[in-house]
Each structure stands twice: as structure tokens, then as C-alpha cells.
Amino acid sequence: MADLTTKERYKIERHSMPEQDALARSRNFEEVNLGYTFEIAMEEAERCIRCKNPVCVAGCPVAVKIPDFIKMIAEGKFEEAASILKEDNALPAVCGRVCPQEEQCEAVCVVGKKGRPVAIGYLERFAADWERNNVKIIEPKIPAKTGKKVAVVGGGPAGLSCAGDLIQLGHEVTVFEALHEIGGVLIYGIPEFRLPKEIVKAEVESLSKLGVNFVTNYVIGLTETIEELKARFDAIFIGVGAGLPYFLNIPGEQLNGVYSANEFLTRVNLMKAYDFPNNPTPMLDVVGKTVAVFGGGNTAMDAVRTSLRLGAERAIICYRRTEQEMPARVEEIHHAKEEGVEFKLLVAPLEFIGDEDGWLRKVKLQQMELGEPDSSGRRRPVPIDGAIETIDITAAIIAIGNGSNPIISQTTPELIVNKWGNIIVNEGNMKTNMMGVFAGGDIVTGGATVILAMGAGRTAAKAIDDFLKNPESW
Amino acid sequence: MNKIIEARFIGPDVKLFRIEAPKIAEKRKAGQFVIIRVNDTGERLPLTIADSDTSAGTITIIVQGIGASTKMLNTLNAGDYIHDVVGPLGKASHIENFGTAVSIGGGVGTAIAFPTAKALKEAGNHVISIIGGRSKEFVILEEEMKQVADEVYPTTDDGSYGYHGFVTQKLEELLKSGRKIDFVLAIGPIPMMAAVAKTTQPYNIQTVVSLNPVMVDGTGMCGGCRAYVDNKPVFVCVDGPEFDAHKVDFKILMQRNKMYLPQEKESIEHFNHVCNYDKMYDAEAKKTNHEVTHG
């Protein structure tokens, strides 16, 4: 295509994401979004006005060179686009699917000031998918080895992005993962229909080809302590995630049928309970039943949409504020609604009610209204006197966030954590109080997003590299 | 992949495995467990480490074939591999010199009680071991217990071996005889553990039980193993598995362990079906003299 003027670029309408029909997909686990064709991608890429000072890059937690990779797509150089992405992002096919672009790069996109922003996320996904599907042999650029060894604790987004940067800097990297598969929340948490596991495996495989060493079934703190790791590695990055689910602390939470979102999603995603009994991990039978999910974040959306796919007749989001306050990505809320998820807003659960054998049967919900703003500036939900409703449910899934996992802190007395168990770091370089030990991701911030954890992993990788070059600088 | 060094039945459907796992063998303490997956689609099974040998780099687990996954595990033999073994998980038993300590194991629970009994002995306790079983063949590890305990009392419900009666009756007998007992550890079926707790309560004896709830990850991540102790929720995998028996809500534990009963039945039928199919296939292959590999 000939060079377009900025005016012409503005005239091109944003291309929507081709997706599976809502009714059909609400009963299968295949991916909802189908991805751009190369024609659509090239045309969408022409919408980028190639700003001299690209604010989108500043809006990205890992600072992907967005205009550069988009320009390559516009020119049909998809392989080059993918390699530009990979310079800054170890998991582009993942981020193109799960990042909240509307709050980051696309939120600040200049094109978006007048119309709709460039579909940066969809283009990222396109380039990464194109490379995976078309480039069979990727010659990894093997950098000169530094001889320094780094242990990365936790194979989730923070750890993988840290490992990806460190290996490209020439360090020897070993990732230790407690579960039997690498990927952390990408494997156990985010469902197949939003992030196919094949994609996570391919991204991990490409890190493996670069030379990252992966050790599964290895719980740092128990199989080997941080102190012991220090003896055989030059630096350590802790990115173990949050991973200790909060419950509501209301009566009836012990009933059979009450799950944390972590358990529910782990059974379905990691253990493939949807394919029971071929996969022997069981799941409560929700076919034709009602499932209520408590919470308004991405995890709640994942759980409620998974319930539909397991055959639930009604799948309900129960959230104590309004849709405006929901932390979930707009696309997830939109997809959930299209698929037939019911939204009960301004309700708070009071009690789970079971039968005499301990099986969940009902939930008692308190109607709320928005009152005065609280310390966060959001209007606080307050109960409406006497407005209580009881609905019949078979399963309840609690998706209200995670506390910090205690295994590292309990087995590493020297490590300083705050009162919630989150590791305290210097935000600029992710250094903990222990020399040579860095941390990042949910274990530092509390539950956040994949991309923020990846950003922390990158910041740490840079700081680890500095430290390894000059250990006296600590 | 972890290699099985030794595998032998020690009771009806109860099999002992010695598995190569040097790092776990080196780190584990009494009371801790591992999670294993038999194959690449396998369920995550929590199993207490019964013993370890650091020089050989092995751990010992004892498995009762009840569900499809444990039955499948029990088809494995020395030389076979287990797909995943992770651990040691959970907190170690609290060990000190209490004075006289009674270790009670019911059925395969004796395998779980064994390492703690051994540790109690090493800490200087006078250890009394009560090994319960429905009948003689369910009384396991008697010889091993004799190596670590000062007194060993097998009991059977049907009187086919040792003391005729429940473990609690034997315990009650010891208490009534005026024996001073300072500590009781009870591991076995939930009704047995609840009964032991009830027996020791009036005597105000510190009593510990090891809980066996439904578990997935075993590292605190899922909360599926939550039990109620002192009316508060605990995650057995990271807060336990051992708890004060007088504070455990056994009713909730029992109720929660029934959560997947219908699925377990279906799973066993599926397992038997696949197993029979395999046998037929093997027989067929032998006839035609073709080599068979199983996926």
C-alpha cells in the first residue's frame, strides 16, 4: 500500500475481532476470539499514525516498541513484527490475549482521541500467532554467556518474563515451579477459551529453546529453601504469585459446592475436569444447575463463563457494586453478557444455606445501594434495610482475590514481608532486604494483572543484570 | 519422572512403594506428605511419606487402592515410573519428649502414624503403638512398629488377631489401668479419629490427628482442603496436616470428603473398563505375537 497521509489513516475504521458465535461458544471450550486474518491485520496496522513520541510505549508495562512492530505488519513483514515484539515481551501471544489494553497502550493511543484507538492488542496477537504458525525453525540468538546463574522461583508471568530477559542477557537461568506444568495462572487460572494452553506451551517452549532451564514439581521453601538456593545461584528472583484464596467469611462456606475460584479453575483448566473421567480429577456436576460467582474481576468472569461451558443452566455474577466499578476487562464483561451470563449487581452474600447432608442449596443476598464515597473515592455500597433475597444455587464460586502464599515467608525468616505477607521490595529495582534476592508480581503487589507481573519481572531482570555485573553495588 | 525401586503388597489392596526422590528424602520430616500424579493426565494424590532413606535417595509411601487413581497406582511395579512427585509438603509433626506417647493407626493410617511414632521414639518418648484393622490382614507394619515402639498392640474388629475390639477400646483399657499417657497421635478413618478424640478428652490428654481432606495443589493455592479447627477455617495443606484433635470439626471433614462420591464411582467404572480393555488387548497381542506398547 502506498504511504498514507495521517488524515487517510484516521479515516480507516477500527477492525473488530472475529469471534465464535456467542450461543455456540458458550457451550464449548474453544477460543472465543478467532484472530485477525493477515488482510485485516495489515489494514488495521495502517491506522497507526506513527507518532514521533509514541505515548503507547509509555503506556505499556513492558515498553513494547508498538509503532515499530505495527509498521512491520502494515508492510507485511510479520516475522519482523514478531521479533520486535519479543525483544520486550517474552509472551506476546499471551499478552495479545489477556492484557487490559483499554487501560494501557490503547487508553493513551493518539488515534483514540478522535475515534477508536488502534487495536494494538489484536495486532500483537496476530504477529505472535503468525510467527508460531508459520515460522517453524526460529534460530535463537544465543548471547555470549556471562557464567552467572540465576534462580527464578515461580513459572508464572513474572518469572517467565524475568527469565526471558535474563537469558537474552547471557545469564544461566533456572525456573522452579511447584506445579507439574509451567505457566502459573496462565495454565491453572485463565481458561482455554480465552487463552489456549497450546499457546502457553509454545511460549514456554520458545524460552526453553533460548536455553532457559525449567524444573517442575519443585516447591521453593520446602523442596529447597531460599537460603539453600543462595548457595548455588548468584541471584534469585521470587515471583510466586499471590495464591492463597480469600473466602467471604460468611456462614455456610464449609458446604459442599462452595469453591474458591482458584480451586474451580484449577480443576477445570490444569486438571481438565471438563473431560472427566478421561482425566480423573472430578468436578461437581453443574449440568442444568445454577452457579453463582461472587466478585467482579477477570477471575470472576472466567469462572462464570466456565460454568456455562460445564453445562450450567444459569450462571450468575453477584457483585456488590455496579458494573462501572467492576475490575474486569470490558471485553470479558461484554463476552460474558453475550454468552448469557446473568449479572446481579449491588448484592452482597449474607449466608450459604445447605441441606442436612451439607450440600449447598441456596444463598441469601443482601441488596445494596451506593452511598457516600469511601477512601478510594468510589461510592461505598451500603445495605438496603430488609431487602434480602434468597436464590437456589448448586455451586458458589468465590472470586474476591488472593492473599499471599505463606510458604516462602514461613521458610525464609530473614525475608521482610508486610502485615499481609507481601514481600517488601524497592519498587525501582525489585530488591528485597536479602542480598541478591529480588521479587516481583502478585507476591509483592497482591493480586494484579498478568502484564503488571511481567513488567515487574522485566524491571527485576534489568536490576539483576546490574547486580551481577557489579555485586558491590547492592 | 520418579523410578519405583521397590513395590510390594503389605495388605489387601495396600501397597508399599519405595520411590527415587533424593531431594525429598533429604528434606522431609515426620508428618509431611508428597503429591503424586501417576501419569500425564493423573489426579494429584496427596500421600504421607512413611519413611525415607537419604543414602539410597528414596522415600516410602503406602497406598490403599480405593479410588481409580490409587488403584491405578497400585498396578505399578518396581522399575516403573511415576510421572510426578512433589514435596515434602505440609508442616512437620510437632515432636518433643512428652513422656509416654501413644501412636494409634487405623488401617492404612498406621503408615502415616509410623514416621511420627519413630520421631517420637527418637525424641525420648516411651512409645505405645496401637495398630487397628478390620481383621488380621488389615493390620499393617507390625514388624516395623516393633522396631520403633516400646509396646505394640494389634487390634482387630473381628478378633481374628490381637486384641478383639476397636483401637479406642484398647486405649480406654490402658487409661483405665492407670497408665499415665501424655500424648496421643491418632491417624485413620475419620470416625476412628473422632472416637479417639472423644476418648482422650475427659483425661485432658494432648491429642493430635492428621487430616486427609480432598486436595488439589497442596501448596495453599486452591483452598479445597479447608477444614474447620476451633470453628475457624484452615488449609490443611499449608496449616497442617496435623491438628489438635479436640478442636477439629470431624462432621464437616466427613461431609466435605463425600463431595465427589458419585464421580469416584464413575471413575472406578471407567478405570475397570479401561483395565479390562487393556487385558483383552494384551491377550489378543500375545495370540498374534505382536509387541504392544501402552500409551
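Residues numbered from 1 in each chain as written. Chains lettered and ligands numbered in written order. Predicted model: local features only at pLDDT ≥ 70, side-chain atom pairs only at ≥ 80, totals over all residues. Heavy atoms only, no water.

## Regarding unusual backbone geometry
Filter applied, for reference: Note on conventions: DSSP H or I runs of at least 4 residues are helices, E runs of at least 2 residues are strands, and numbering of each starts at the N terminus. Exposure is judged per residue with a 1.4 Å probe applied to protein chains only, and the accessible area is read against the type maximum: over 50% gives exposed, under 20% gives buried, and values in between give partly exposed.
Omega for the peptide link from Gly87(B) to Pro88(B) comes to -5°, which places this bond in the cis form. Looking at the secondary structure, you find Pro88(B) in strand β7 (residues 84–89). Positive phi, close to 55°, is recorded for Asn249(A), a residue that is not glycine. Residue position: Asn249(A) is located in the loop between β4 (235–238) and β5 (258–260). Overall, Asn249(A) belongs to the exposed group, its relative accessible area being 65%. Backbone geometry places Lys272(A), a non-glycine residue, at a positive phi of 55°. Inspection of the secondary structure puts Lys272(A) in the loop between α15 (261–270) and β6 (290–294).

## Quick look at the packing of helix α11 (residues 157–168) of chain A against helix α13 (residues 197–210) of chain A
All names here are of chain A. We apply this condition: Here an angle of 0 to 180 degrees is reported between the N-to-C directions of two axes, which are lines fitted to C-alpha atoms, with helices fitted over the stretch in contact. Our angle categories are set so that under 35 degrees counts as roughly parallel, over 145 as roughly antiparallel, 65 to 115 as roughly perpendicular, and the remainder as oblique. If you view the pair so one helix is near and one far, a crossing is left-handed when the near helix is turned anticlockwise from the far one by less than a right angle, and right-handed when it is turned clockwise. Contacts are assigned to residue pairs that have any heavy atoms within 4.5 Å of one another. Charged means Asp, Glu, Lys or Arg here, nonpolar means Ala, Val, Leu, Ile, Met, Phe, Trp, Tyr, Cys or Pro, and polar covers whatever is left, Gly included.
Running from N to C, α11 and α13 point in directions that differ by 25°, and their axes come no closer than 10 Å. Judged on the interaxial angle alone, α13 and α11 are roughly parallel. Crossing of α11 over α13 shows left-handed handedness. Facing α11, whose interface residues are Leu160, Gly164, Ile167 and Gln168, α13 presents Val204, Leu207 and Leu210. Classifying every residue of the contact of α11 with α13 gives five nonpolar, two polar and no charged.

## Focus on the domain arrangement of chain A
By a widespread convention, an interface's size corresponds to the accessible area lost as its parts come together. All names here are of chain A. Our working rule: Note that the domain bounds reflect an automated or database-derived domain assignment. Defined here as a combined quantity, buried area equals the accessible surface (1.4 Å probe) lost by two parts on assembly, summed across both. Between Lys or Arg on one side and Asp or Glu on the other, a salt bridge is scored when a side-chain nitrogen of the former is within 4 Å of a carboxyl oxygen of the latter.
Entries for chain A in the domain assignment read domain 1 (6–134), domain 2 (149–243 + 404–473) and domain 3 (247–398). The gap between the C-alpha centroids of domain 1 and domain 3 is 32 Å. Between domain 1 and domain 3, the contact holds 16 residues from the first and 15 residues from the second. Summing both partners gives a buried area of about 1,300 Å² for domain 1 against domain 3, and 43% of it is carried by carbon and sulfur. When the buried surface of domain 1 facing domain 3 is broken down by residue, Ser26, Arg27 and Phe29 rank first, second and third, together holding 43% of it. Run the count over domain 1 and domain 3 and you get two salt bridges. A salt bridge links Arg25 to Glu338; the shortest N-O distance between them is 2.7 Å. Elements with a minimum of two residues in the side of domain 1 that touches domain 3: α2 (22–25) and α7 (92–98). Here the residues of the side of domain 1 that touches domain 3 are counted per class, giving seven nonpolar, four polar and five charged.

## Side note on the domain arrangement of chain B
Residue and element names in this part refer to chain B. What counts, and what does not: For this analysis, a polar contact is any N or O atom pair within 3.5 Å, provided that within protein one partner can donate a hydrogen and the other can accept it, and provided that sequence-adjacent residues contribute only side-chain to side-chain pairs.
Each assigned domain of chain B is listed here: domain 1 (2–89) and domain 2 (100–257). Just the C-alpha atoms count here: the centres of domain 1 and domain 2 sit 21 Å apart. If you look at the interface, domain 1 gives 18 residues, while domain 2 gives 20 residues. Here domain 1 and domain 2 share one salt bridge between them. Between Asp51 and Lys118 there is a salt bridge, and its shortest N-O distance comes to 3.1 Å. For the pair domain 1 and domain 2, the interface holds three residue pairs in polar contact (both at pLDDT 80 or more). Only β1 (2–11), β3 (33–37), β4 (45–53) and β5 (58–64) provide two or more residues apiece to the side of domain 1 that touches domain 2. Top contributing element to the side of domain 1 that touches domain 2 by residue count: β4, with five residues. Of the residues contributing to the side of domain 1 that touches domain 2, the split by class is eleven nonpolar, four polar and three charged.

## Looking at helix α10 (residues 120–134) of chain A
All names here are of chain A. Test applied: An expected span of 1.5 Å times one less than the residue number is assigned to each helix.
The terminal C-alpha atoms of α10, which comprises 15 residues, lie 21 Å apart, in line with the 21 Å expected from a rise of 1.5 Å per residue. Of all 15 residues in α10, eleven are buried; the element is thus mostly enclosed. Turning to α10, its buried residues are Ile120, Gly121, Tyr122, Leu123, Glu124, Arg125, Phe126, Ala127, Ala128, Asp129 and Glu131.

## Let's talk about the nonpolar core
The following threshold applies: Among the buried residues, those of types Ala, Val, Leu, Ile, Met, Phe, Trp, Tyr and Cys that are joined through side-chain atoms within 4.5 Å form a nonpolar core.
Counting residues in each nonpolar core, the largest one holds 101 residues, and the members touching the most others are Ile66(A), Phe69(A) and Ile73(A). The dominant element in this core, judged by the number of residues it contributes, is helix α20 (residues 450–469) of chain A, at eleven residues. In this structure Phe69(A) touches Val64(A), Ala81(A), Ile84(A), Leu85(A), Ile120(A), Leu123(A) and Glu124(A), once residues within four positions along its chain are discounted. Phe294(A), Val102(B), Ile130(B) and Leu211(B) belong to the second-largest nonpolar core, a separate cluster that totals 57 residues.

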